[in-house]
Amino acid sequence: MPTPVEGNNITSPDGMTGAHVAHAQFKTRINHTDLLTLDMAFPAKSEASGVPAGRYPAVVFLQDEGVSPSSYAWLIDHVAAWGFFVATPHHVRDTARFAPDDAAYVVDFFNSPPMGLLQGNVDGTEVTLMGHGDGGRIGAKVLGDRPYARFAMLGALPDPGDRARLAAFANPWHDFLGTADCKILAADVIGALGAEHVTTLEGVTHEQFAAGGGSSPCSAMPADDATARDLIQRNLKAFMKDLPVEAASQPDAGDTADTGDAQLGADAADAPPIVPDAGDASPSQASDSSLPDAGDASPPDAASDGGAP
Amino acid sequence: MTSLRRSWAGLIVMAAASWAASSLRVPVACASPSDVVGRAAEQSTATLHYGQGFYAPTYGLGLEMAVAPQRSAAVDWELSPASGVLTPRASYHVQLTAPRLVTVAATFGVTMALVYRGPLNAGFGPRVGLGVAIGREWLRLDLGAQAGGELFVHEIGPRAPVRAVSTLRTSVAGFTAGVTVRAGYDFELDRYTLPRFEALAFIGTSAFDER
């Protein structure tokens, strides 16, 4: 069982998206003597957020090779705003394949809440595994290590040896690929996984799942970052909400900057102090000040759904 | 005992001077007489912090003593403040061949890991090593391999670290300095193999040796 060492509230008043999303950072003990840093994003305890307090399902996010977790802040804030606890482990050298056990450690962390810090607020039995690029490839390898509720790949091509594991995975799984992704070609993924498990996003590059920017040498018309992010979050949200996901997705005409979340753009400054230093915190302190009221659990699906496709 | 007292005196001096020190010796370390060594290490675990833009060093203090011809014993303590782990070790070194340009040696030892940051934990286990020293005292290259097993109070393990070790060291006028690189894997049941890399510099002295 991973054991926490400490946690800090790192909520930024502005936030990456301005969403009512709170952030925390934990350090948890892994491999007996190492520490794993976990970035957490979750719905803030705020009526304005539109997300009711309750017991939220969780997401473990695995970043692409060498990409800092902070590069995904925009996407992670969106997912959290939909009513999920999102944990992003800091892998060794920001590379998931150096530490494939990290995902399982995070699930164990959710299921064995440290000193009551997360108890009643995270549903450790409903954890979605999500990974971008190499993180998605590693996700396909570790999919059987814990009972994941969903598996979402973003611009990822699983290794051939892992495709049987994917086929045997009984819960929903899907791959979202940009048509301007020069690193992972959509045609290759469709050929490997089948079209029913793949959604292509028009003009989206590999990098736009993360911080974005750059160009796409294999596409004459890559989407701008705002358009790409809109496409990504709209389709990913449909998958996370168990709504139908189309095989191909194009930008909405004249609405390229739609965030898809009614609560986004609001001020997150009213997020409560989240996690006192867990090394010193008593369970009562932690559960009282850190997270939404566990006694008022409501299905997270009641979250604002303004961006559902 | 005179030698022991003098050597411990050396330890105190170095600790007071806040030296980063340790005697996590490579398997052929017994070629030296008793000495006090130091190091500032960049532990493999520190790479966990790479994405945050910094490395977390470890610090240690150590002592090695000749206990018989071609035999020596060593103890050391290594501290990783960032990880909150204190690692005491004890080793017994045996030269398997007479000291020449090429010398073969073996190491037997035990390792503890005391986790003090967060919930307390402790681990313990044996380790062995085999190595070859090439060169003379003033300039020597040590090449070796180490393996061990560790059991922990929480999540028993066992964890089996396996490492290749390389050290380049020089000794002049009773002082020793060198650089060690260790690389390998940790093996553990129901876990993926975990790559480890460690680079460290050490400095020591045999000035307190009575010979």
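Residues numbered from 1 in each chain as written. Chains lettered and ligands numbered in written order. Predicted model: local features only at pLDDT ≥ 70, side-chain atom pairs only at ≥ 80, totals over all residues. Heavy atoms only, no water.

Some words on the overall build of chain B
Each helix and strand counted, chain B has one helix and eleven strands in total. Ordered by position from N to C terminus, the α and β elements of chain B give α-β-β-β-β-β-β-β-β-β-β-β. Taking all 211 residues of chain B together, 47% fall into the buried category. At a minimum sequence separation of 6, the contacts of chain B that also span at least 24 residues come to 52%. Total accessible area on chain B stands at roughly 9,600 Å², and carbon and sulfur atoms take up 71% of it. (Helix = DSSP H or I, 4+ residues; strand = E, 2+ residues; numbered from the N terminus. Buried < 20%, exposed > 50% of the residue type's maximum accessible area, 1.4 Å probe, protein only. Contact = heavy atoms within 4.5 Å. Areas by Shrake-Rupley, 256 points an atom, 1.4 Å probe, with all protein chains shown as cover.)

Thoughts on the overall build of chain A
A tally of regular secondary structure across chain A gives seven helices and ten strands. Restricting the contact set of chain A to residue pairs at least 6 apart, pairs at least 24 apart contribute 66%.

Details of the nonpolar core
Residues and elements named next belong to chain A. Counting residues in hydrophobic clusters, the biggest one holds 43 residues, and the most contacted among them are Met-40, Val-60, Phe-85, Phe-110, Leu-129 and Phe-151. Residue contributions to this core peak at six residues, all from helix H2 (residues 102–111). Sequence-distant contacts of Phe-151, that is, excluding residues within four places in its chain, are made with Leu-129, Gly-136, Gly-139, Ala-140, Leu-143, Leu-166, Phe-169, Pro-172, Trp-173, His-174 and Phe-239. Val-21, Leu-201, Ala-210 and Phe-239 belong to the second-largest nonpolar core, a separate cluster that totals 30 residues. (Core = buried A, V, L, I, M, F, W, Y, C linked by side-chain atoms within 4.5 Å.)

Concerning the pairing of strand S7 (residues 150–154) of chain A
Each regular strand shows side chains that alternate between the opposite faces of the sheet. All names here are of chain A. A large share of S7 lies buried, amounting to five of its five residues. Inspection of the sheet shows strand S6 (residues 122–132) paired to S7 by five bridges, in the parallel sense. Its bridge partner lying in S7, Thr-128 is registered against Arg-150. The parallel pair S6 and S7 is bridged by helix H3 (residues 134–142), and the resulting crossover is right-handed. Both S7 and strand S8 (residues 173–178) contribute to a ladder of four bridges, which runs parallel. Bridging from a neighbouring strand, Phe-151 pairs with Trp-173 of S8. In terms of handedness, the path from S7 via helix H4 (residues 163–168) over to S8 forms a crossover that is right-handed. (Pairing = 2+ DSSP bridges. Right-handed = clockwise from strand over helix to strand, strands pointing away.)

Brief notes about the packing of aromatic side chains
All names here are of chain A. The tally for this structure, following the rule as stated, stands at eight aromatic pairs over all chains. Between the aromatic rings of Phe-42 and Phe-85, the centroid separation amounts to 4.6 Å while the plane-to-plane angle is 15°, which identifies the pairing as stacked. Residue Phe-42 is located in strand S3 (residues 34–43), and its partner Phe-85 is located in strand S5 (residues 85–89); the two are separated by 43 residues in the primary sequence. Taking 6.4 Å as the distance between ring centres and 75° as the angle between the ring planes, the aromatic pair formed by Phe-85 and Phe-110 counts as edge-to-face. Taken together, the positions of Phe-85 in strand S5 and Phe-110 in helix H2 put the pair 25 residues apart, joining distant regions of the chain. Taken together, Phe-26, Phe-42, Tyr-56, Phe-85, Phe-109 and Phe-110 form an aromatic cluster joined through their ring pairs. (Phe/Tyr/Trp six-rings, centres within 6.5 Å; stacked < 30°, edge-to-face > 60°.)

Remarks on helix H6 (residues 225–240) of chain A
Residues and elements named next belong to chain A. If you check H6, its first and last C-alpha atoms are 22 Å apart, about what 16 residues at 1.5 Å a residue would give, namely 22 Å. Among the 16 residues of H6, 13 are classified as buried, and the element is accordingly described as predominantly covered. Positive backbone phi, approximately 60°, marks Asp-242, located one or two places after H6. (Expected span 1.5 Å × (residues − 1).)

As for helix H1 (residues 73–81) of chain A
In an α-helix, one full turn covers 3.6 residues, which means residues spaced three or four apart are oriented alike. Burial runs high along H1(A): eight of the nine residues are buried. Where H1(A) ends, the next residue or the one after it, Gly83(A), has phi of about 105°, a positive value.

Brief notes about the pairing of strand S9 (residues 159–172) of chain B
Residue and element names in this part refer to chain B. The alternating pattern of S9 places Arg-159, Pro-161, Arg-163, Val-165, Thr-167, Arg-169 and Ser-171 on a buried face and Ala-160, Val-162, Ala-164, Ser-166, Leu-168, Thr-170 and Val-172 on a face that is not buried. Both S9 and strand S10 (residues 175–188) contribute to a ladder of 14 bridges, which runs antiparallel. Paired with Ala-160 across the strands is Phe-187, a residue of S10.

So, the pattern of salt bridges
All names here are of chain A. Enumeration according to the criterion identifies 19 salt bridges over all chains in this entry. Among the salt bridges present, the one from Lys-183 reaches Asp-64, with a minimum N-O distance of 3.3 Å. Taken together, the positions of Lys-183 in the loop between S8 and helix H5 (186–193) and Asp-64 in the loop between strand S4 (56–62) and H1 put the pair 119 residues apart, joining distant regions of the chain. For Lys-183, a relative accessible area of 52% puts it in the exposed group. Across the pair Arg-150 and Asp-242 runs a salt bridge, and its minimum N-O distance is 3.2 Å. (Salt bridge = Lys/Arg side-chain N within 4 Å of Asp/Glu carboxyl O.)

Examining a nonpolar patch on the surface
Residues and elements named next belong to chain B. Taken together, the side chains of Leu-101, Val-102, Ile-134, Trp-138, Leu-139, Leu-141, Leu-143, Leu-168 and Val-172 make up a nonpolar region of the molecular surface, amounting to roughly 810 Å² of accessible area. Of all the elements in the fold, those that place two or more residues in the nonpolar patch are strand S7 (139–148) and S9. With three residues, the top contributor of residues to the nonpolar patch is S7. Residue position: Trp-138 is located in the loop between strand S6 (121–136) and S7. (Patch = residues over 30% accessible without salt bridge, like charges linked within 9 Å, V, L, I, M, F, W, Y side chains within 5 Å.)

Description of the confidence of the model for chain A
All names here are of chain A. The pLDDT averaged across chain A works out to 75; a share of 69% of its residues lies at or above 70. At the level of individual helices and strands, chain A shows its lowest average pLDDT in helix H7 (residues 283–289), which scores 31, and its highest in S7, which scores 96. In the predicted structure, residues 8–17 sits below a pLDDT of 50 and forms 33 contacts with residues beyond four places in sequence or in another chain. Overall, residues 254–309 carries pLDDT values under 50, and its contacts beyond four positions in sequence, including any with other chains, amount to 159 contacts. (pLDDT = per-residue confidence, 0-100.)

Here's the deal with unusual backbone geometry
Backbone torsion omega between Gly157(B) and Pro158(B) reads -10°, so that peptide bond is classified as cis. The residue Asp242(A) is not glycine, and still its phi comes out positive at about 60°. As for its placement among the helices and strands, Asp242(A) is situated in the loop between H6 and strand S10 (248–249). By relative accessible area, Asp242(A) is classed as exposed at 51%. The backbone phi angle of Glu155(B) is positive, close to 45°, even though this residue is not glycine. With respect to the helices and strands, the residue Glu155(B) is situated in the loop between strand S8 (151–152) and S9. Residue class for Glu155(B) comes out partly exposed when judged on its relative accessible area of 29%.

Topic: the environment of Ser249(A)
Residues and elements named next belong to chain A. By secondary structure assignment, the location of Ser-249 is in strand S10. Owing to a relative accessible area of 7%, Ser-249 belongs among the buried residues under this scheme. Ser-249 sits 41 residues away from Gln-208 along the chain, and the two C-alpha atoms are 15 Å apart. For Ser-249, the residues in contact, after removing those within four places along its chain, are Thr-199, Thr-200, Leu-201, Glu-202, Leu-231, Arg-234 and Asn-235.

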